[in-house]
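# Structural description and commentary
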Amino acid sequence: MNKVAPVFVKETPWKTGDTLVQKDLANTIKRIRDLGAKGFYEGETAKLIAEQMKKDHGIITEDDLKNYKAKNRAPIVFDYKGTTVVSMPLPSSGGIILEQMLKMSAMEHIGTMKYGTLASVQLMSEVERRAFADRAKFLGDPDFVKVPVKTLVNDEYLKKRMSDYDPTKAGNSKDIKEGYIQEGEETTHFDVLDNEGNAVSTTTTLNGSFGSGIVVAGAGFLLNYEMDDFSVKPGVPNMFGTVGQEANAIAPGKRMLSSMTPTIVLKDNKPYIVVGTPGGTTIPTSVYQTIVDIIDFKLSPEDAVNFPKFHQQWLPDVIYVEKTFNKDVVAKLEAMGYKIEERGSIGRTEVIMIKDGTITAVADHRGDDGAVGY
Ligand code: DON
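Here the structure is a predicted model, which means the values were calculated and not measured.

## Here's the deal with unusual backbone geometry
Residues Leu 90 and Pro 91 are joined by a peptide bond in cis, for which omega reads 10 degrees. The residue Pro 91 is located in the loop between β2 (83–87) and α5 (94–107) in this model. For the bond running from Leu 315 to Pro 316, omega is -5 degrees, close enough to zero to count as cis. Turning to its location among the elements, Pro 316 is positioned in the loop between β7 (310–311) and β8 (319–322). Even without being a glycine, Asp 268 presents a positive backbone phi close to 50 degrees.

## So, the site of the ligand
Close to the ligand lie 14 residues; Thr 187, Asp 229, Ser 258, Ser 259 and Gly 280 are nearest. Asp 229 is positioned with one of its side-chain polar atoms (N or O) 2.7 Å from a nitrogen atom of the ligand. Burial of the ligand by the protein amounts to 96% of the accessible area it has alone, namely 340 Å². In the shell around the ligand, the residues fall into four nonpolar, seven polar and three charged.

## With respect to the sheet that holds strand β11 (residues 358–363)
Backbone hydrogen bonds hold the strands of a sheet together, and the pairing may be parallel or antiparallel. Spatially, the four strands line up as an open sheet ordered β5-β6-β10-β11, and their pairing is antiparallel. In this open sheet, the two strands that pair with only one neighbour each are β5 (263–267) and β11. The sheet shows a mean angle of 15 degrees between the axes of neighbouring strands, direction not considered. Two strands pair when backbone bridges link them, and strand β6 (residues 270–276) and strand β10 (residues 350–355) are joined in this way by four bridges, in the antiparallel orientation. Note that in β10 the partner of Ile 273 across the bridge is Met 353. With respect to the sheet, helix α9 (residues 282–295) is in contact with β5, β6 and β10, its orientation differing from that of β6 by roughly 140 degrees.

## Points about the packing of aromatic side chains
Applying the stated criterion across every chain, the model contains three aromatic pairs. Relative to Tyr 68, the ring of Tyr 41 has its centre 5.4 Å away and its plane inclined at 25 degrees; by these criteria the two rings are stacked. Taken together, the residues span a long stretch of sequence, with Tyr 41 in helix α2 (residues 38–41) and Tyr 68 in the loop between α4 (62–67) and β1 (76–80) at a distance of 27 residues. Residue Tyr 41 is classed as partly exposed on the basis of its relative accessible area, which comes to 23%. With a relative accessible area of 48%, Tyr 68 lands in the partly exposed category. Geometrically, the ring pair formed by Phe 310 and Phe 325 is edge-to-face, given 5.7 Å between the ring centres and 70 degrees between the ring planes. Placement of Phe 310 in strand β7 and of Phe 325 in the loop between β8 and α11 (327–336) is noted, with a sequence separation of 15 residues between them. Phe 310 sits in the partly exposed class, given a relative accessible area of 35%. A residue is classified by how much of its surface remains accessible, and Phe 325, at 13% relative accessible area, is buried. Each residue in the set Phe 40, Tyr 41 and Tyr 68 is aromatic and connected to the rest through ring pairs, giving one cluster. In this structure, Lys 10 is placed above the aromatic ring of Trp 14, and the distance from its NZ or CZ to the ring centre is 5.1 Å.

Rules behind the numbers
- Residues numbered from 1 in each chain as written.
- Predicted model: local features only at pLDDT ≥ 70, side-chain atom pairs only at ≥ 80, totals over all residues.
- Heavy atoms only, no water.
- Helix = DSSP H or I, 4+ residues; strand = E, 2+ residues; numbered from the N terminus.
- Near = heavy atom within 4 Å.
- Polar contact = N/O pair within 3.5 Å; in protein donor to acceptor, adjacent residues only side chain to side chain.
- Areas by Shrake-Rupley, 256 points an atom, 1.4 Å probe, with all protein chains shown as cover.
- Nonpolar A, V, L, I, M, F, W, Y, C, P; charged D, E, K, R; others polar.
- Pairing = 2+ DSSP bridges.
- Axes fitted to C-alpha atoms, helices over the stretch in contact; angles between N-to-C directions.
- Contact = heavy atoms within 4.5 Å.
- Phe/Tyr/Trp six-rings, centres within 6.5 Å; stacked < 30°, edge-to-face > 60°.
- Buried < 20%, exposed > 50% of the residue type's maximum accessible area, 1.4 Å probe, protein only.
- Lys NZ or Arg CZ within 6 Å of the ring centre and 35° of its normal.

Written as structure tokens, this is what we have:
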């Protein structure tokens with residue numbers, strides 16, 4: 001007889017109608033009932049687990065169990081064809097790759113196909129292949145690795161993932177690897193307020209991803225790509241699509257035209273709003289809109305930072321709007337003759353507001369920004 005799991009085993013085989021009495025399990029559940037999590041992770045249950053571990057050459061100790069903490073995590077939530085899907089977040093890959101797969105096959109018109117046909121099985125297999133390639137490369141415990149969740153489920157990214165999908169050809173996992181995730185552009189903004197009321201608003205920039213991509217050997221820092229902030233030729237757009245003329249032409253000793261807008265708004269000569277953001281040419285518009293939102297539209301600093309933004313930079317002659325921007329307003333603007341284009345995040349605005357003795361610090365929800373007080 002198996003001494004390891006006596007509770008599940010009987011001398012004679014189980015028959016229909018036998019009663020399985022699980023006394024040990026009942027006692028464990030009683031300890032959990034009486035002591036909550038401690039009934040499992042500490043005391044008698046923990047001791048029994050640790051003893052079993054020792055017997056079977058496991059490595060979990062009573063201390064490990066005591067230190068284990070269950071974590072509450074926000075679920076993955078997304079829309080799918082008029083429904084809202086709520087699913088498991090990291091450290092399960094499930095919710096994220098479910099979102100990827102549903103979105104990728106929707107892009108390839110899965111809704112026009114039928115169950116179990118060549119077309120649907122092939123498409124769904126190719127979608128699964130791509131999601132699992134991303135899973136292998138990017139996903140892990142978010143307490144240990146930075147996972148680009150927003151990018152992985154972003155429509156543009158998924159469209160690119162499916163760009164090499166060919167319904168007439170079998171894909172293969174040698175050629176189809178994880179997707180390409182571009183490093184963020186390299187501008188950083190931070191605001192600081194000290195307990196004497198001094199405020200600092202700072203924006204620093206390397207310009208594009210990793211600046212020029214060159215590290216100074218032996219010095220340990222990257223060289224920027226600020227030359228792109230010059231107007232290289234009249235009328236030729238830079239990486240942010242802006243054009244310039246002679247005023248910003250390259251010349252010896254001349255500094256390039258930036259869009260950085262670290263700003264402190266004073267009221268009664270004291271800091272009232274400390275604000276700034278990265279975002280290339282969207283920087284001044286983000287700061288402008290945030291200030292108007294707070295001062296004119298009386299929004300809270302949280303809403304001023306997080307509500308959808310828009311951007312017009314003369315050329316191209318387009319109003320860019322964030323994806324969540326009010327669709328009704330977009331339709332009305334289009335009816336007036338504006339060209340509207342959706343784009344990704346506009347800025348990652350940080351704000352400290354000091355009002356009536358209360359300090360509110362807001363970190364933009366668009367990024368992994370943070371606001372802390374000491
Ligand atoms: O100084 C400027 O305007 C640009 N170098 C800023 C670039 C930027 O914000 C890119 N990052 N998001």
